[in-house]
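# Understanding the architecture of this molecule
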Amino acid sequence: MISTTNHYTFGETDTAAQRLALLASAYQPATQAFLEEWGPSEPEHAIDLGCGPGYTTRLLHRMLRPRWTTGVDASPRFLQDAQRASEEDIGFVCHDVTQEPFPTAPADVLFCRFLLTHLHDPGTALRAWAAAARPGARLLVQETAWLRADDPTIARYYELVAALQSGYGQSLEVGAELDARVRSRGWRILSSRLVMLQQPAAVMAKLHAANLRTWGRDRLVQRSFDLDEVASVQAGLDCIASGEQPAHPVSNALRQLVAVVE
Ligand SMILES: C[S@@+](CC[C@H](N)C(=O)[O-])C[C@H]1O[C@@H](n2cnc3c(N)ncnc32)[C@H](O)[C@@H]1O
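Throughout what follows, the structure given in this document is the object of discussion. For clarity, every value in this text was computed on a predicted model and none was experimentally measured.

### Re the packing of helix H1 (residues 14–38) against helix H7 (residues 201–215)
Where H1 meets H7, the axes come as close as 9 Å, and the angle between the chain directions of the two elements is 155°. Here H1 is positioned roughly antiparallel relative to H7, judged by the angle of their axes. Our pair here, H1 against H7, has a crossing hand that is left-handed. Within the contact between the two elements, H1 uses Thr15, Ala16, Gln18, Arg19, Leu22, Leu23 and Ala26 and H7 uses Val203, Lys206, Leu207, Ala210, Asn211, Arg213 and Thr214. Counted by class, the contact of H1 with H7 contains seven nonpolar, four polar and three charged residues.

Okay, here's the thing in structure tokens:
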């Protein structure tokens, strides 16, 4: 990771990269429907903020058909994967999305998925994005508003990951309060809605088990979490992921917000 003022808790390991592949397939239908409905068609330049290994960049490019799409991320490791799988008319840039100026051409559409949750000051990032936008540009954001599980292991995982993110000034459920953060940051909201998903427990447990294998090593976890409990949540998630332990689906509300630059 290049130096940023934010700590990316979910890491850049091979396991973290594999998790992002699972994440991409679990959330592709909801993101695709969002882009279909709200993405301007055939813009000149689209930017995918916090693009990771490029799953969202390729989806954005295919759905909107811009002349050029740029994926921006602070992780050289993820960008290497993104470059390897890249398609024509897509480029990638290593940059901290909270910093102005952007080393890109101005954008007609800016998109981010599961990024603001990792920033301790989303307002600064939103202002930087407005500065990187062409007049009339559109911002499309998809973030978690909430996650609820009946299963006690998955529910405890959400409490732990929320505590970790809160320790770094970040919010797991940033989508719950997004409208207030977007307003007066150079953007006018056109639409803001919650999309409800029922995600299979095994899929979510697989995602979370991979994530815990990475953030379980975080210095804040090692210093102040109960490591026996972390190990037991890890084992429980593995059992649900493998199907050995059945569990009810996870209820997941996504915030899908659309704004236009002021
Ligand atoms: C959970 S991943 C989401 C990746 C992609 N948007 C998706 O949905 O598949 C979050 C991404 O944001 C990137 N990131 C976190 N903080 C960043 C920052 N300050 N500047 C640029 N990228 C950042 C991470 O490197 C990671 O690739």
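### Examining the nonpolar core
Of all hydrophobic cores here, the largest spans 41 residues; its most connected members are Leu49, Ala107, Val109, Leu110, Phe111, Trp129 and Ala132. Formed by 28 residues, the second largest nonpolar core is a distinct cluster that contains Tyr8, Leu20, Ala210 and Val250.

### Description of the environment of Ala16
Note that Ala16 resides in helix H1. For Ala16, a count of 21 C-beta atoms within 10 Å puts it in the buried group. Beyond its immediate sequence surroundings of up to four residues, Ala16 is in contact with Phe10, Gly11 and Thr214.

### What about the packing of helix H5 (residues 152–167) against H7?
Where H5 meets H7, the closest approach of the two axes is 11 Å, and the angle between their N-to-C directions is 40°. Regarding the angle of H5 to H7, the classification is oblique. Our pair here, H5 against H7, has a crossing hand that is left-handed. Here Ile154, Tyr157 and Leu164 of H5 come into contact with H7, specifically with Ala201, Met204, Ala205, His208, Leu212 and Trp215. Counted by class, the contact of H5 with H7 contains eight nonpolar, one polar and no charged residues.

Reading guide: rules and limits
- Residues numbered from 1 in each chain as written.
- Predicted model: local features only at pLDDT ≥ 70, side-chain atom pairs only at ≥ 80, totals over all residues.
- Axes fitted to C-alpha atoms, helices over the stretch in contact; angles between N-to-C directions.
- Helix = DSSP H or I, 4+ residues; strand = E, 2+ residues; numbered from the N terminus.
- Parallel < 35°, antiparallel > 145°, perpendicular 65-115°, else oblique.
- Left-handed = near helix turned anticlockwise from the far one by under 90°.
- Contact = placed C-beta atoms within 7 Å.
- Nonpolar A, V, L, I, M, F, W, Y, C, P; charged D, E, K, R; others polar.
- Core = buried A, V, L, I, M, F, W, Y, C linked by C-beta atoms within 7 Å.
- Buried ≥ 20, exposed ≤ 12 C-beta atoms within 10 Å, placed from the backbone.

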